[in-house]
Amino acid sequence: MLAISKLGKHFGGLSVLEDVSFDVPAGGIFGLIGPNGAGKTTVFNLITGLLKPSAGNISFEGRDLAGLAPHSVTRLGIARTFQNIRIFKEMTLLENVMIGMHQHLAYGPVALFLNSPACRAAEAEARQRALELLSWVRLDHRAEMLADNLSYGDQRKLEFARALATKPRLLLLDEPVAGMNPAEKTVLMEEIRNICQRGFGVFLIEHDMRFVMGLCDRVAVLNFGRIIAEGSPDEIRNNPDVIEAYLGREDEGQAS
Amino acid sequence: MSFPRKTLFLAAAAMLAGGALAADIKIGVAEALSGGAAQYGVAIRNGFQVAADEINAKGGVNGNKIQLVIEDEQGKKEEAINVFKKLIFQDKVLMIFGPTLSNSMFAAGPVANGAKIVAFGTSNTAGGITDIGPYIFRNSVMESDVLPVTVATAVKHYGIKKVAVIYGNDDAFTKSGYDVFKKVLADQKLAVTSTETYVKGDVDFKAQLTKIKAGEPDAVVCSCLAEEAANIMLQSRSLGIKAPFIGGNGFNSPKLFEISRLAGEGTFVGSPWSNVNPAPVNVNFVNAYKQKYNADPNQFAAQAYDALHIAAMALKSVKLSGNLEAARQALRDALPKVSISGATGPFKFRPAVTKDGKPGGFDADQTPFIYIVQGGKFTLYTGKK
Amino acid sequence: MEWLDNYWSTYNTLVYSIGVHALLALSIWLTLACGLLSLANAAFMGIGAYVSALLSLQAGWPFAAVLAAAGVVPALVALIIGIPTLRLSGVYLAMATLAFGEVVRIIVLNLEITGGPEGLNGIPQSTQGWHILAILAFTIYGLARLRRSRVGRAFESIREDDVAASLMGIDVARHKLFAFVLGATIAGVAGGLNAHFTFFISPREYGFENAVDILTMAILGGIGSLVGPMRGATILTLLPELLRFLHEFRGVFNGIVLVLVVLFLPKGLWEPRRIKALFARGGRA
Amino acid sequence: MLSQQLLNALTLGSVYALFALGFTLVFGVLAVINLSHGAVFMVGSYAALFLVTRFEMPLWLALLAAMAVSGMLGLLIDVLILKPLRARNAPHLIPMIATIGVAITLSSSAQGIFGAEILRFPEGTIPAGEFIIGDVHVRAIEIGIVGIAFTLMAVLFLAIRRTQLGRALRAIAESPKAASLLGINVEGLFHGTSFVAAALGGAAGVLIGLDFNAITPLMGQPILHKGIAVIILGGMGDIRGALIAGMFLGFAEVMSKAYLSSQLGDAVAFGLLFLILLVRPSGMFGRVLERKA
């Protein structure tokens, strides 16, 4: 579904990614793991067009993403969330989700100005759909609330709903459980499984091993800007390179 | 923070000054009392005040005292319109003096003209002002009347063959002065070595002056306001330019030579007024102004002073019957006949010749005095070297 | 009814000014709604004013066509300069638009046809009260529709976080350009209306100070709603009249008001949502 | 003529650089475009003028006092206005708008107190010395301005590059949050920077008031616009850039007046500003400095 080949990125003289290649298959949950600073978020930024690759290419469903602006990437069917949640805090939950539907709401300026039936119907339908998406993450009862008033965990869920509103075929989740307690993590894991079962492909990056291993069907490991392993969670768990490069330190990280 | 108290105090003082006189003849004064044009507007208001005090101290006009209704038009055109309308329709004044800038007159003049009430400019020198209509008067002398005489006199005095020109190109006053200079220089067949410009707020003129110096002109013609002119003179001397200056109306400020000191020696200026004009009426005015405001008057104050006297003269023949429209019209009809000898010398009106042949307003008909600056002071030019 | 006539004769220009200022404040509201601080609106107003005045004076166009041109020409200019300029953000955009405004002013100052610093006078007084009212109503209705639509939501999302907005499939550059161009159109029409009731225009009316005045109106009234900019325009237009007694110190008051509003009323004088939120959150602003 | 024009450009460039120094310092450290800098500059000029004329204070003392006055004003602006806005985490345009309000307040107050008239320092406040080298005329005050501009630049530049204080300031410029985690007294340095920047602005006001004899309530406005051009051309917050850009703008302006047309002076300045912003938003010499919150 998403094919990344020989991807490289450097800032000035500093090389962040080098020769990164992997495929995200359609359906299922794909995980990219690696310690902090390994370049995981850079991969997402390259996919979504926020950064331009220095080398290699990325294609989605056979289409080259090179040179596409972020909004065009989204329109092809890729949505993402952010590690440091970026919801629109001064808008209501409903408005947040409706933003995601922007590209699917087609009405012209004249229809808008005249408040034509078609326009009203489109808006009403979008509203319905937004409420439905909010109900998926169990936030529909707060639809008219300002997003700023949500708890941290709920803000993440709102971000999911908003991303789903773009009707993606692939959902990129950037460290979805960062900053959450174990109980919240379990809830969120459920949400992600639900999303996957509704037919969305999920590609997440994470450094919480336990979370990834329990959730993903397939995992790739990134260390110092290179892929050092790829396979099923079991294969990864037993890969000596991974253990040496990553797991050892991960335990310390978990303890802190 | 002592602002509020001080503000209130000033406000109260200003209100007292404006409204305490129990008077019969209401005359509107719309001048820029704040903003960039305030430096003229305040002097103009003071000039009116001096004249009003003088007239009222002598018992007013036919026993009726003059009450000035003073409003700040901020030097903005919308404000000028608003103030004019307030004075015309709310305060029901007999006539209006102002506004300060020609620009504002272009905006507010049509309002007065439409309402058939006199708008009397004392500081509007731009061409076309009196084209607005038959209710527009001014006693500010147009540059086109003054500059030919100034230039001719200076040419004769110094034997000038070629001149350099500098003017402010973003200001209506200095730009229209330049247009007149340009025509005068062409008419008098003087070669122009270079023409330089600056914009309002500039303080460094050395680049332009260095260029002027390279052309070795016999004189520098300068259509500038006083604040820039002083600097231009000082900087030209420090660059080694020795040529004398020929100035327009903007030079007509004692302030200019106070700042430029001896840099302005030998400058020729033509003007309806100077603080050294020895006529008793002028000496009276200068003394009264100094006493009231503890400052030297300038040309703007002098013209305002004369303007109110002109209006008072006209008012003598106007019957104040209580019919405002009739009184306004009578004043309008009486004004053109007035001739006085004021602080700015003998004065009378001249019907304006408009471009499209419609009846226009009235311009000043005055012979300018030509002054030469000597020892940092205006000296009446007598023709003797 | 004579007093009423007098009242109207005295204050109609003031009322017209309120209408025109409201249009200007709404024009800058559009860009502010996208989180863009553009100081070019005074210049667009000037372009509209000059284009319309010249068409009236020299070509003798009917007023409706003149007004249309006053909107179209600034829009085209905005389109041309917007494409490269709107890539800038924050203060850089503010400075670039400020520089653009200065360049426009200097060009107008040095052209023969615009009358240079002496400006243009004798512009016919074609603007009627109902023109302003109708255009203002049309603008408000249009903007209100816009605000409640996908475009309005997109503007707001761009203002809050343009990266997140672009990843929601919103073409950020196009929306910004749209807001900029539409703002220029409204400002241009406002300029055309203004030129045709003040008889006279000159370059000094469209400089930096005026750009700041327009901005102040919008900020003072609050940009959280459409009523905000209009409220700000009304207050700031009336204030000088009401503060006449302050004389020379009127400017001091204006400045202090601006500072106080920014400090204590970050959303403008009245922001229903904020006040509601204030109660909802038990006083935590 | 060329040598005189080069000298003219050098002095004009120094004037711009001198003004831009405090302006860019505030931007670099506080990340605020302080549009009241022009008004503070004007206050410095009036303060010195007042002290020299009213109390016949010697010029050097009046200069120091004027710096103190404008410095205190800058500190006051920071404490009363910018600090609450920082505390609120207001978007970066908000402080800029607030400083516009400050500028209006200050210049209107000056006009109310001192009047709109143009004022100058009494004659003889500075030695009227003049040097003539061939065709080139130089005045003592011009040498003073050029010298002071370069000296202050050098001192500030070295202070920021070489001292502990400078390192702290650079850390703040990079990220105030991180700096405070490192134990740097961020608020204190904000106040200090505001004081120093305003004092420098005041000093520039005095020097330029002395040179050009044109002290008015609105004198800060035109130079503020040029100052904006300078700090953007030089890269905001870049001390060395301010000097280079000031010089560049001075030369561009003088040379376009000298060899093209004097009508073009300002058009060149703002046209350049506009173009440079489009091509290199970070300035001619600066690098893109995305500030981390």
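Residues numbered from 1 in each chain as written. Chains lettered and ligands numbered in written order. Predicted model: local features only at pLDDT ≥ 70, side-chain atom pairs only at ≥ 80, totals over all residues. Heavy atoms only, no water.

J.: Kindly report on the side chain of Ser56 of chain C, identifying the contributing residues and their values.
T.: All names here are of chain C. Inspection of the secondary structure assignment puts Ser56 in helix 2 (residues 41-59). A polar contact is formed between the side chain of Ser56 and the side chain of His196, at a distance of 2.6 Å. Not counting residues up to four positions away in its chain, the partners in contact with Ser56 are Val66, Pro124 and His196. (Helix = DSSP H or I, 4+ residues; strand = E, 2+ residues; numbered from the N terminus. Polar contact = N/O pair within 3.5 Å; in protein donor to acceptor, adjacent residues only side chain to side chain. Contact = heavy atoms within 4.5 Å.)

J.: Quick rundown of the packing of helix 3 (residues 93-100) of chain A against helix 6 (residues 150-160) of chain C? Include the residues and the values.
T.: Two numbers describe how helix 3 of chain A lies on helix 6 of chain C: the axes approach to 10 Å, and their chain directions differ by 100°. Looking at the two axes, helix 3 of chain A sits roughly perpendicular to helix 6 of chain C. For the pair helix 3 of chain A and helix 6 of chain C, contact is made by Glu95, Met98 and Ile99 of chain A and by Arg153, Ala154 and Ser157 of chain C, respectively. Among the residues forming the contact of helix 3 of chain A with helix 6 of chain C, the class breakdown is three nonpolar, one polar and two charged. (Axes fitted to C-alpha atoms, helices over the stretch in contact; angles between N-to-C directions. Parallel < 35°, antiparallel > 145°, perpendicular 65-115°, else oblique. Nonpolar A, V, L, I, M, F, W, Y, C, P; charged D, E, K, R; others polar.)

J.: Account for the pairing of strand 1 (residues 25-31) of chain B, naming residues and giving values.
T.: Residues and elements named next belong to chain B. Burial within strand 1 is extensive, with six of its seven residues counted as buried. Here seven bridges tie strand 1 to strand 2 (residues 66-72), and the two strands are oriented parallel to one another. Within the sheet, the bridge partner assigned to Ile27 lies in strand 2 and is Leu68. The parallel pair strand 1 and strand 2 is bridged by helix 2 (residues 38-57), and the resulting crossover is right-handed. The pairing of strand 1 with strand 3 (residues 95-97) spans three bridges and is parallel. Residue pairing in the sheet places Gly28 in a bridge with Ile96 of strand 3. (Buried < 20%, exposed > 50% of the residue type's maximum accessible area, 1.4 Å probe, protein only. Pairing = 2+ DSSP bridges. Right-handed = clockwise from strand over helix to strand, strands pointing away.)

J.: Explain the packing of aromatic side chains to me, and be specific about the residues and the numbers.
T.: Residues and elements named next belong to chain B. Tallied over the entire structure, the rule returns 38 aromatic pairs over all chains. Ring centres of Phe120 and Phe349 lie 5.8 Å apart, and the angle between their planes is 65°; this geometry places the pair in the edge-to-face category. Note that Phe120 is positioned in strand 4 (residues 119-121) and Phe349 in strand 12 (residues 345-351), a separation of 229 residues in sequence. For the pair Phe120 and Phe349, one class covers both residues: buried. Arranged with centres 5.5 Å apart and planes meeting at 85°, the rings of Tyr158 and Phe268 form a pair that is edge-to-face. Taken together, the positions of Tyr158 in helix 5 (residues 143-158) and Phe268 in strand 10 (residues 268-271) put the pair 110 residues apart, joining distant regions of the chain. (Phe/Tyr/Trp six-rings, centres within 6.5 Å; stacked < 30°, edge-to-face > 60°.)

J.: Could you give me a rundown of the packing of helix 9 (residues 220-233) of chain D against helix 10 (residues 239-259) of chain D, with the residues and numbers involved?
T.: Residues and elements named next belong to chain D. Their axes nearest at 8 Å, the elements helix 9 and helix 10 cross at an angle of 125°. When the axis of helix 9 is compared with that of helix 10, the two are oblique. Pair helix 9 / helix 10 crosses with right-handed handedness. Across from Lys226, Ala229, Val230 and Leu233 in helix 9, the residues of helix 10 making contact are Ala242, Ala245, Gly246, Phe248, Leu249 and Glu253. In terms of residue class, the contact of helix 9 with helix 10 is made up of seven nonpolar, one polar and two charged. (Left-handed = near helix turned anticlockwise from the far one by under 90°.)

J.: Any chance you could break down the arrangement of the chains for me, citing the residues and the numbers?
T.: Contacts are most numerous between chains A and C, considering all four pairs of chains that are in contact. The two units chain A and chain B never meet; even their closest C-alpha atoms stay 34 Å apart. The two units chain A and chain D remain apart, with a minimum C-alpha distance of 12 Å.

J.: Please give an account of helix 3 (residues 59-87) of chain D that cites residues and values.
T.: The end-to-end C-alpha distance of helix 3 of chain D, which contains 29 residues, comes to 40 Å, matching closely the 42 Å that a straight helix rising 1.5 Å per residue would cover. Within helix 3 of chain D, the axis deviates most sharply at Asp78 of chain D, by approximately 35°. What helix 3 of chain D keeps buried is the set Leu59, Ala62, Ala66, Ser70, Gly71, Leu73, Gly74, Ile77, Asp78, Ile81, Leu82 and Leu85 of chain D. Buried-residue contacts for helix 3 of chain D involve helix 11 (250-264) of chain C together with helix 1 (2-30), helix 2 (37-54), helix 4 (93-114) and helix 8 (186-212) of chain D. (Expected span 1.5 Å × (residues − 1). Bend = angle between axes of the 7 residues up to and from the residue.)

J.: I'd like a rundown of the interface of chain B and chain D, residues and numbers included.
T.: Every contact between the two is made by 36 residues of chain B and, on the other side, 32 residues of chain D. Between chain B and chain D, roughly 2,800 Å² of surface is buried when both sides are summed, and carbon and sulfur atoms account for 54% of that area. Linking chain B with chain D are one salt bridge. With its nearest N and O atoms 2.5 Å apart, the salt bridge here joins Lys206 of chain B to Glu142 of chain D. Our enumeration of links across chain B and chain D arrives at ten residue pairs in polar contact (both at pLDDT 80 or more). At the level of secondary structure, the elements contributing two or more residues to the side of chain B that touches chain D comprise helix 2, strand 7 (191-198), helix 7 (206-214), helix 8 (226-238) and helix 9 (254-260) of chain B. Tallied by class, the residues present in the side of chain B that touches chain D amount to eleven nonpolar, 15 polar and ten charged. (Buried area = accessible area lost by both parts, 1.4 Å probe. Salt bridge = Lys/Arg side-chain N within 4 Å of Asp/Glu carboxyl O.)

J.: Any chance you could break down the sheet that holds strand 14 (residues 369-374) of chain B for me, citing the residues and the numbers?
T.: As a general point, the strands of a sheet are linked pairwise by backbone hydrogen bonds and lie either parallel or antiparallel. Residues and elements named next belong to chain B. The strand order across the open sheet formed by seven strands is 7-6-8-9-10-14-15, and the pairing between neighbours is mixed. With partners counted over all chains shown, the strands left at the sheet margins are strand 7 and strand 15 (377-380), one partner each. Shown here is a sheet whose adjacent strand axes are inclined to one another by a mean of 25°, direction ignored.

J.: Give a detailed account of the interface of chain A and chain C, specifying residues and quantitative values.
T.: Each partner contributes to the interface: chain A provides 35 residues, whereas chain C provides 28 residues. For the pair chain A and chain C, the summed buried area comes to about 2,900 Å², and 58% of that belongs to carbon and sulfur atoms. For the pair chain A and chain C, the number of links is two salt bridges. Glu123 of chain A serves as the salt-bridge partner of Arg153 of chain C, at 3.1 Å between the closest nitrogen and oxygen. Along the contact surface separating chain A from chain C lie 15 residue pairs in polar contact (both at pLDDT 80 or more). Mapped onto the side of chain A that touches chain C, the elements with two or more residues apiece are helix 2 (70-76), helix 3, helix 4 (109-114), helix 5 (117-136) and helix 6 (152-165) of chain A. Within the side of chain A that touches chain C, the residues separate by chemical class into 16 nonpolar, ten polar and nine charged.

J.: Talk me through unusual backbone geometry; I want residue IDs and the actual numbers.
T.: In this chain, Gly98 of chain B is followed by Pro99 of chain B through a cis amide linkage whose omega measures -5°. Among the structural elements, Pro99 of chain B can be located in the loop between strand 3 and helix 4 (102-114). Positive phi is not limited to glycine here, since Arg138 of chain A has a value of about 55°. Owing to a relative accessible area of 46%, Arg138 of chain A belongs among the partly exposed residues under this scheme. Not every positive phi belongs to a glycine, and Glu216 of chain B is a case in point at roughly 45°.

J.: Got a sec to walk through the pattern of salt bridges? Specific residues and values, please.
T.: Throughout the structure, instances matching the rule amount to 39 salt bridges over all chains. Two residues, Asp161 of chain C and Arg86 of chain A, come together in a salt bridge whose shortest N-O distance is 2.7 Å. Here the residue Asp161 of chain C occupies a position in the loop between helix 6 and helix 7 (162-166), and Arg86 of chain A occupies one in the loop between strand 6 (78-80) and helix 3, the pair thus bridging two chains. Among the residues examined, Asp161 of chain C registers a relative accessible area of 12% and is labelled buried. Measuring nitrogen to oxygen at the nearest pair gives 2.8 Å for the salt bridge that ties Arg142 of chain A to Asp154 of chain A. Note that Arg142 of chain A is positioned in the loop between helix 5 and helix 6 and Asp154 of chain A in helix 6, a separation of twelve residues in sequence.

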